[in-house]
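Spelled out, the chains give:
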Amino acid sequence: MEGLKLSEAELMVYIHPSKSRNVFQAICRELSSLLFQYNESFDGVLLAYDASVKSKQAKILSGLHPYFGVRVNTRLLLFDPKPNSLVEGEIVKISAESIHLIVLGFSAAVVTDVDIREEFKYRVRDGEGSFVSRSHKRHVLKLGTMLRLQVQSFDEEVMHIAGSLIPENTGCVKWLEKHSEEALHTDRDHKRRKLA
Amino acid sequence: MGAVEVLNDSSSLYASDLVENVDLSDMNLVQTLRKALTSVQTGDSDLYNEIVEVMSRDVKDFRADFDAVAQLETVLKALSCSVSCIDIVHHYKLLSALFGMKLWDHNPNVMDALVNLVISLAVTSGKYLDSCLNMLIKNFLPPPWVIKNLSNPRILNKKTEVFARVHAAFLKISILVPLTPSRLVPMLSQNMPKIHRKDLLMVIYVENLLKLENSSIGRVGGSVILNVVMERLRDLDVEIGWDDIPQDDSRGMFDMELEDAVEGTIDEGDEFPVGPLSQDTSGGSIVVSELLDKLMVIAFEHLESCQNDGRLDEVFELLFQSFENFVLDTYKSKFSQFLMFYACSLDPENCGVKFASKLMDIFLSSRKSPATRRSAVAYLASFLARGKFLPVSFVASMLKRLMDECVGYCRTCNGDIRPEAHLIFFSGCQAIMYVLCFRMRSILDVPRLRSELTPLESILTHKLDPLSVCIPSVVAEFLRQAKADGLFIVSDSFIFNNQLESELSGSFGGCDKLKTFFPFDPCLLKSSNSFISPNFIYWSMVRAPYDEDEEDDFDAEVIVNGDEDSEEGEDEDVDYAMNKMSITPKHSFKNQMMERDRLLRMPSRIRPSTSPESL
């Protein structure tokens, strides 16, 4: 899945003097307040961080409240799905007009019917809707399926992904991987025959 | 499992059993609608304008015109299937018409269609999420014609219909868009009715807030919701002056309060609730105390449901935080603290113990401000004294901790004997004495616990002299009981000295509100009190041994006129001994009558004994 990246950053965290008893806790508090929000300087949504303070020296700011700045080395897990990248999520709702999924447990993604390729047809079986591929009967998209989709746009405020199933390499993840393995096998067979 | 059921509803026109034979007219309708929406961008907006007109129709037009209602319903349903074609810029009119609609104005079918459209919009594109949530929240604020007629069963029915749909909508949206709660919660506090609106709107809104707290949204925003509610309770509480509380004529209540006044809960210059005040209740507005009463009852019921669901423990943690933020330092808070009392009464072993321990921690913490610490110990004292559900052993253990702390303080204090320098110590001493006024009997009945009270004498006779600094009524009552119960040897002259007004206590009590702060004094809000009173220790329930030998103006004099009592101090002993030997029942009818008369003859305005007349 694309869109996840690990960054290393050196940050300066400014802490109020009342928190000077437990500086590390204050740093974690500050960083935690950034979680699940899009941050321009990080260029992505902060999902997780790992902070370590190397130096015990801090710079005190002059002013009404003498905040002090601590240098923190962090490793940040960022989520930044760029347009045309691929992400994966679990389908939570299927209807004829749209497929709704949840990516990484926090981001909502939607694929509307105009962005589902012609290959897929909406069927209802046993009261449950699903999209079945016309060419490959085993390629089924239903509730609980892990779906790979292409990102069209990402709303940073709400963490909302608008996706598309038009490209050929999108669809049910399990089926795609199995299919690509088989394709690999048949390729090898072909090559063997050729050589032989 | 629940999520699947929730999601497989008929929000789509493509109903499950009709897929093969889909009604062609429905499909056509959706296609037409989609074309109408997309053609706006190319300039052809005739059909679109018609759609907008249908949605913007005045509610009154729908009353008799069933066709119009059906048309609206169809349009809404078709729009739910076409949300992907809605554009935020080109279809601005449609969207503003949609977000201006209220569920209250429509019948259940239209309500369903409207809610489904809003849900589809919210989950399909992030741009509309906030507006959709806002539109749904506004339905928590019913129109005036609902508020004025809440007793009408038809209106109650409507209320249930609307709120059920709104809550279900929030649930559905938050399943599909996981970050919904964090966006929803700030909006909930923004949409809260302003405090100046003194009508039942606030009650309805808070009821819904607490229901949300119980749902999955509460897992994320529970602390914010409880903060908002607690803050509002406190703000209403401090608005209430003593005059505003309607009094009934039942003597029981009157007696009770006065008896507590006797015990020493007077505040300087406060008048007792004398009679019902007529308030302007026209136009649906209600008295502030009534409003607070209703809100407290709702909050109590919410706590009960939390207890039934087994989550009172985690709610209590959040509740205590909001108590600490808003109520602990608010001296004028009279009733909102009973929320904590009730929560503790529902689960004494967990919540009761936690509440007392947390208050103790605040008192002992050197990092908190002195006012907060003193307030915490006042709360602790009042809680330990009044909580019927607290086992005596627990009360004794808390007292022991307080005493150990005071003993330690006595040992390490420096030569400075100015009372101002030892405020926290004196608050601790007063707390111990106050609790013992209520609990002495029950503690002394258990010999093991009786031995734990031995350090008390050394604290009270320390050179810092807490007995002359703490509030005289508490001290007097405590000494009287201590003497009667034989807790330690108290010489009569000791009592005499303390009933004289000392300069220290006088000037001190005058400007120090925290000395006369007894937060869990009886709750004067009627409906709330019905929840509290089964678990509440009233002063009248505490039988002190000296009660039997009443002279008419005994107690009254103690407060108002400290001087005169000194002479009666000697007689008291003889009478007490005499009564112990007598065979007349201790609480004879005659005694009770005299008691009542005595109390009724008390002046309604009682000044603490700092007045010059008493000296």
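This one's a predicted model, so the numbers in the text were calculated from it and none came from an experiment.

## With respect to the pattern of salt bridges
All names here are of chain A.
So, step 1. The tally for this structure, following the rule as stated, stands at 29 salt bridges over all chains.
So, step 2. Across the pair Lys 82 and Asp 80 runs a salt bridge whose closest N-O atoms are separated by 2.2 Å.
So, step 3. Notably, a salt bridge pairs Glu 88 with Arg 148, separated by 3.2 Å at the nearest N-O pair. Of this pair, Glu 88 sits in strand β5 (residues 86-94) while Arg 148 sits in strand β11 (residues 146-155), and the two are 60 residues apart along the sequence. The pair Glu 88 / Arg 148 is uniform in exposure class, with both members buried.
So, step 4. Taken together, the salt bridges that share partners define one network made up of Lys 5, Asp 43, Asp 80 and Lys 82.

## Observations regarding the confidence of the model for chain B
Residues and elements named next belong to chain B.
So, step 1. When pLDDT is averaged across chain B, the result is 77; 73% of the residues are at 70 or more.
So, step 2. Throughout residues 5-22 the model reports pLDDT below 50, and contacts reaching past four residues in sequence, or to other chains, amount to 27 contacts.
So, step 3. Of the two predicted TM-score estimates for the complex, the pTM is 0.79 and the ipTM is 0.86.

## So, helix α3 (residues 46-56) of chain B
All names here are of chain B.
So, step 1. Regarding α3, the residues found buried are Tyr 48, Ile 51, Val 52, Val 54 and Met 55. Considered in projection along α3, the buried side chains sweep an arc of 155° and stay on one side of the axis. Exposed and oriented more than 90 degrees from the buried face of α3 are Asp 46 and Glu 53.

## Re the sheet that holds strand β10 (residues 140-141) of chain A
All names here are of chain A.
So, step 1. The strand order β8-β9-β10 describes an open sheet built from three strands, whose pairing is antiparallel. Each edge of the sheet is formed by a strand with only one pairing partner; in this case those strands are β8 (120-125) and β10.
So, step 2. For β8 and strand β9 (residues 128-133), the ladder comprises six bridges, and the chain directions are antiparallel. Bridge pairing in β9 places Val 124 opposite Gly 129.

## Regarding the packing of helix α18 (residues 348-364) of chain B against helix α19 (residues 370-386) of chain B
Between two packed helices, both the angle of their axes relative to each other and the distance between the axes serve to describe the pair.
Residues and elements named next belong to chain B.
So, step 1. Where α18 meets α19, the closest approach of the two axes is 8 Å, and the angle between their N-to-C directions is 150°. It follows that α18 is roughly antiparallel to α19 by the angle criterion. At the point where α18 passes α19, the crossing takes the left-handed sense. For the pair formed by α18 and α19, the contact residues are Gly 352, Phe 355, Ala 356, Leu 359, Met 360, Ile 362, Phe 363 and Leu 364 on the first element and Thr 372, Arg 373, Ala 376, Val 377, Tyr 379, Leu 380 and Phe 383 on the second.
So, step 2. The residue makeup of the contact of α18 with α19, split by class, is twelve nonpolar, two polar and one charged.

## With respect to the sheet that holds strand β3 (residues 44-60) of chain A
Residue and element names in this part refer to chain A.
So, step 1. Ordered in space as β1-β4-β3-β2, the four strands form an open sheet in which the pairing is antiparallel. Strands with a single pairing partner mark the edges of an open sheet, and in this sheet they are β1 (4-15) and β2 (38-39).
So, step 2. Alignment of β2 against β3, held across two bridges, turns out to be antiparallel. Within the sheet, the bridge partner assigned to Tyr 38 lies in β3 and is Val 45.
So, step 3. Seen against the sheet, helix α1 (residues 23-32) touches β1, β3 and β4 (68-79) and runs at an angle of roughly 145° to β3.

## Observations regarding the pairing of β9(A)
Side-chain direction in a regular strand flips from residue to residue, so the side chains alternate between the two faces of the sheet.
All names here are of chain A.
So, step 1. Where burial is concerned, most of β9 is hidden: five out of the six residues are buried.
So, step 2. Taken together, β8 and the strand that follows it, β9, pair antiparallel across an intervening segment of two residues, in which Asp 126 is found at a positive phi of about 55°.
So, step 3. Sheet topology places β9 next to β10; two bridges connect them, and they run antiparallel. Among the inter-strand pairings, Phe 131 is bridged to a residue of β10, identified as Leu 141.
So, step 4. Linking two consecutive strands that pair antiparallel, namely β9 and β10, is a turn of six residues.

## Concerning a positive patch on the surface
All names here are of chain A.
So, step 1. Taken together, the side chains of Lys 121, Arg 123, Arg 125, Arg 134, Lys 137, Lys 142 and Lys 174 define a basic patch exposed on the protein surface.
So, step 2. Here the positive patch takes three residues from β8, the largest share from any one element.
So, step 3. Structurally, the position occupied by Lys 174 is in helix α2 (residues 173-195).
So, step 4. You can call Lys 174 exposed: its relative accessible area is 70%.

## A look at the nonpolar core
So, step 1. One finds Met55(B), Phe170(B), Phe323(B), Phe355(B) and Phe478(B) to be the most contacted residues of the largest nonpolar core, which totals 193 residues.
So, step 2. Among the elements that make up this core, the one with the highest residue count is helix α21 (residues 423-444) of chain B (15 residues).
So, step 3. If sequence neighbours within four positions are ignored, Phe170(B) has contacts with Leu133(B), Leu136(B), Ile137(B), Phe140(B), Leu184(B), Leu212(B) and Ile217(B).
So, step 4. One finds Ala109(A), Tyr122(A), Leu149(A) and Met159(A) within the second-largest nonpolar core, a separate group that totals 29 residues.

## Some details on the interface of chain B and chain A
So, step 1. On the side of chain A, 23 residues touch chain B, which itself brings 26 residues to the contact.
So, step 2. Together, the buried faces of chain B and chain A total about 2100 Å²; carbon and sulfur atoms form 62% of this surface.
So, step 3. When residues of chain B are sorted by the area they lose upon contact with chain A, Leu176(B), Pro178(B) and Leu179(B) head the list and together hold 23% of the total.
So, step 4. Here chain B is connected to chain A by two salt bridges.
So, step 5. Counting across the chain B and chain A interface gives four residue pairs in polar contact (both at pLDDT 80 or more).
So, step 6. For the side of chain B that touches chain A, the secondary structure elements donating two or more residues are α1 (2-7), α7 (108-124), α8 (129-138) and α10 (153-176) of chain B.
So, step 7. For the side of chain B that touches chain A, the element with the highest residue contribution is α7(B), accounting for three residues.
So, step 8. Across the side of chain B that touches chain A, the residue classes break down as 13 nonpolar, eight polar and five charged.

What counts, and where the lines are drawn
Residues numbered from 1 in each chain as written. Chains lettered and ligands numbered in written order. Predicted model: local features only at pLDDT ≥ 70, side-chain atom pairs only at ≥ 80, totals over all residues. Heavy atoms only, no water. Salt bridge = Lys/Arg side-chain N within 4 Å of Asp/Glu carboxyl O. Helix = DSSP H or I, 4+ residues; strand = E, 2+ residues; numbered from the N terminus. Buried < 20%, exposed > 50% of the residue type's maximum accessible area, 1.4 Å probe, protein only. pLDDT = per-residue confidence, 0-100. Contact = heavy atoms within 4.5 Å. Arc of directions from axis to C-beta. Pairing = 2+ DSSP bridges. Axes fitted to C-alpha atoms, helices over the stretch in contact; angles between N-to-C directions. Parallel < 35°, antiparallel > 145°, perpendicular 65-115°, else oblique. Left-handed = near helix turned anticlockwise from the far one by under 90°. Nonpolar A, V, L, I, M, F, W, Y, C, P; charged D, E, K, R; others polar. Patch = residues over 30% accessible without salt bridge, like charges linked within 9 Å, V, L, I, M, F, W, Y side chains within 5 Å. Areas by Shrake-Rupley, 256 points an atom, 1.4 Å probe, with all protein chains shown as cover. Lys, Arg positive; Asp, Glu negative; His and termini not counted. Charge placed at Lys NZ, Arg CZ, Asp CG, Glu CD. Core = buried A, V, L, I, M, F, W, Y, C linked by side-chain atoms within 4.5 Å. Buried area = accessible area lost by both parts, 1.4 Å probe. Polar contact = N/O pair within 3.5 Å; in protein donor to acceptor, adjacent residues only side chain to side chain.

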